[in-house]
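Tertiary structure, described
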Amino acid sequence: MNSQFFLLYIDPGTGSMLFSVFIGAAATLFFLARAAFLKIQLLFAGKKAREALKAGRKKYVIYNEGKQYWNVFKPVLDEFEKRQIEATYFTSYEDDPVFSSNYKFIKSEYIGQGNKAFARLNLLAADIVLMSTPGLDVYQMKRSKNVKHYAHIRHGSGDATMYRLFGIDYFDSILLTGDYQKDDIRFLEKARGTKEKELVTVGCTYLDELKKKMDAIPKEENHTFTVLLSPSWGPSAILSKYGEKLLTPLVETGWNIIVRPHPQSKKSEAEMLEKLTEQYKDAKNLIWDYERDNIFSMKKADIMISDFSSIIYDYTFLCDKPVMYVNAELDLRMYDASEVYNPDGSEKRIWQFTTLEKIGIELKSEQFDNIKDVIQKTSDSPELAQARAKAKAEAWMHIGDAGKNTVDFMIKKEGELECRL
């Protein structure tokens, strides 16, 4: 083959990456040019014109990166609307429910995905930006010089250190679901020499919203015993690690089996999911659940099987039913938890793993072939119920008030920022 061909050939993966970089750079240049143009306008405009241009600055901005996080932000938006306070809501979900919510005080806008969204956010002018997206100032999403305060809101009740490395290091504040999450963040700040963040326990907006929705679901008639398999994603997660070794004996029980893959699996493990879906396409008692809300599957389930996914706590706290977990050996090296829980070879372990051992029942891989007997012999107990109640009290504080507490914080913080000017 002609050597010139090799010089000109770019493999599809590299080409896709280069195209993404090109689009991101182009979008960034566009917004930089736009920002420069606005600065020139401010320089030469009269006083009234300058004031009009500066009026484009936003007080409260909320950013939602995807459909699975709508429940995180809805209670916050509802509270702003209730108080008749204007807030700006940017979303990277084109069919976001916000567009059909008839808010009067929430100004909503779809800003695209990936680099297009980051380019817009990187040049934002706002007092406070609230988001559940981690990785600020680590990857493509940079701190804007025209944003006074970045707040990160937790979208789950598990450990705050279970983000990929440096996920929350560069926020100004972290809104927590429970006080127990504070100590580990402080440890990381000291270990890394990063600025101390404001840590405020507001509760869990996500669980508050799910509870409201779940309470409204009517009780199922003619109920059949149902097992919900709800894994995390990645090579250590039970669906990708065990696949048919677990699914086949579950299907053979004759019970209703609901498999709810992690949302990231559709992006990162699509081939694995397609293979399993095809393999069990004739299994009438197996359902694949990809709905945005997980409450319908959780409401139906009599027991959940999972791994290290935080959905275990959603199910435990909302349904108060037993859970089984497969002790997948999660490699913590890519997570902040690796620096908190094993910085010197110690055996300290993260809250959600130690708590799981108290509220759940371990399912070993060698038990898969007899899984029906194992589940039938698994019974709830006063000890498990008590452990579930204790975990709920620690991880899901201020139940029902997280939206109110979040808006209280944002308004208070905005007032403090104004006073500093």
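Notes on the structure in this doc start here. (Residues numbered from 1 in each chain as written. Predicted model: local features only at pLDDT ≥ 70, side-chain atom pairs only at ≥ 80, totals over all residues. Heavy atoms only, no water.)

Counted by the stated rule, this structure contains 29 salt bridges. For Arg 57, the salt bridge goes to Asp 127, with nearest N and O atoms at 3.0 Å. Taken together, the residues Arg 57 in the loop between helix H3 (47–54) and strand E1 (58–64) and Asp 127 in strand E4 (residues 126–131) connect sequence positions 70 residues apart. Given the relative accessible area of 31%, Arg 57 is considered partly exposed. Across the salt bridge formed by Glu 198 and Lys 413, the nearest N and O atoms sit 2.8 Å from each other. Of the two residues, Glu 198 is situated in strand E7 (residues 198–201) and Lys 413 in helix H18 (residues 402–420); the sequence distance between them amounts to 215 residues. Residue class for Glu 198 comes out partly exposed when judged on its relative accessible area of 28%. Given the relative accessible area of 6%, Lys 413 is considered buried. Salt bridges sharing common partners tie together Arg 57, Asp 127, Lys 148 and Glu 418. (Salt bridge = Lys/Arg side-chain N within 4 Å of Asp/Glu carboxyl O. Helix = DSSP H or I, 4+ residues; strand = E, 2+ residues; numbered from the N terminus. Buried < 20%, exposed > 50% of the residue type's maximum accessible area, 1.4 Å probe, protein only.)

This brings us to the nonpolar core. With 53 residues, the main nonpolar core has Ile 62, Phe 80, Leu 130 and Met 298 as its most contacted residues. With seven residues, helix H13 (residues 311–319) is the single largest residue contributor to this core. Ile 62 has contacts with Phe 73, Val 76, Leu 77, Phe 80, Thr 88, Tyr 89, Phe 90, Leu 130 and Met 410, leaving out every residue within four places of it along the chain. Core analysis: the next-biggest nonpolar cluster, separate from the first, contains 28 residues, Ala 283, Trp 288, Ile 305 and Ile 375 among them. (Core = buried A, V, L, I, M, F, W, Y, C linked by side-chain atoms within 4.5 Å. Contact = heavy atoms within 4.5 Å.)

Right, let's get into helix H15 (residues 351–359). Those residues of H15 that sit buried are Trp 351, Gln 352, Phe 353, Thr 355, Leu 356 and Ile 359. Where the residues of H15 are buried, they touch H13, strand E12 (323–325), helix H14 (337–341), strand E13 (360–362) and helix H17 (382–395).

As a further point, take the sheet that holds strand E10 (residues 286–288). Strand order in the open sheet made by the six strands is E10-E9-E8-E11-E12-E13, with parallel pairing throughout. Each edge of the sheet is formed by a strand with only one pairing partner; in this case those strands are E10 and E13. Pairs of neighbouring strands in the sheet enclose a mean axial angle of 25°, with direction left out of account. The pairing of strand E8 (residues 226–229) with strand E11 (residues 303–306) spans three bridges and is classified as parallel. When the sheet's bridge partners are listed, Val 227 is paired in E11 with Ile 303. On top of the sheet, H13 reaches E11 and E12; it is set at about 165° to E11, its chief contact. (Pairing = 2+ DSSP bridges. Axes fitted to C-alpha atoms, helices over the stretch in contact; angles between N-to-C directions.)

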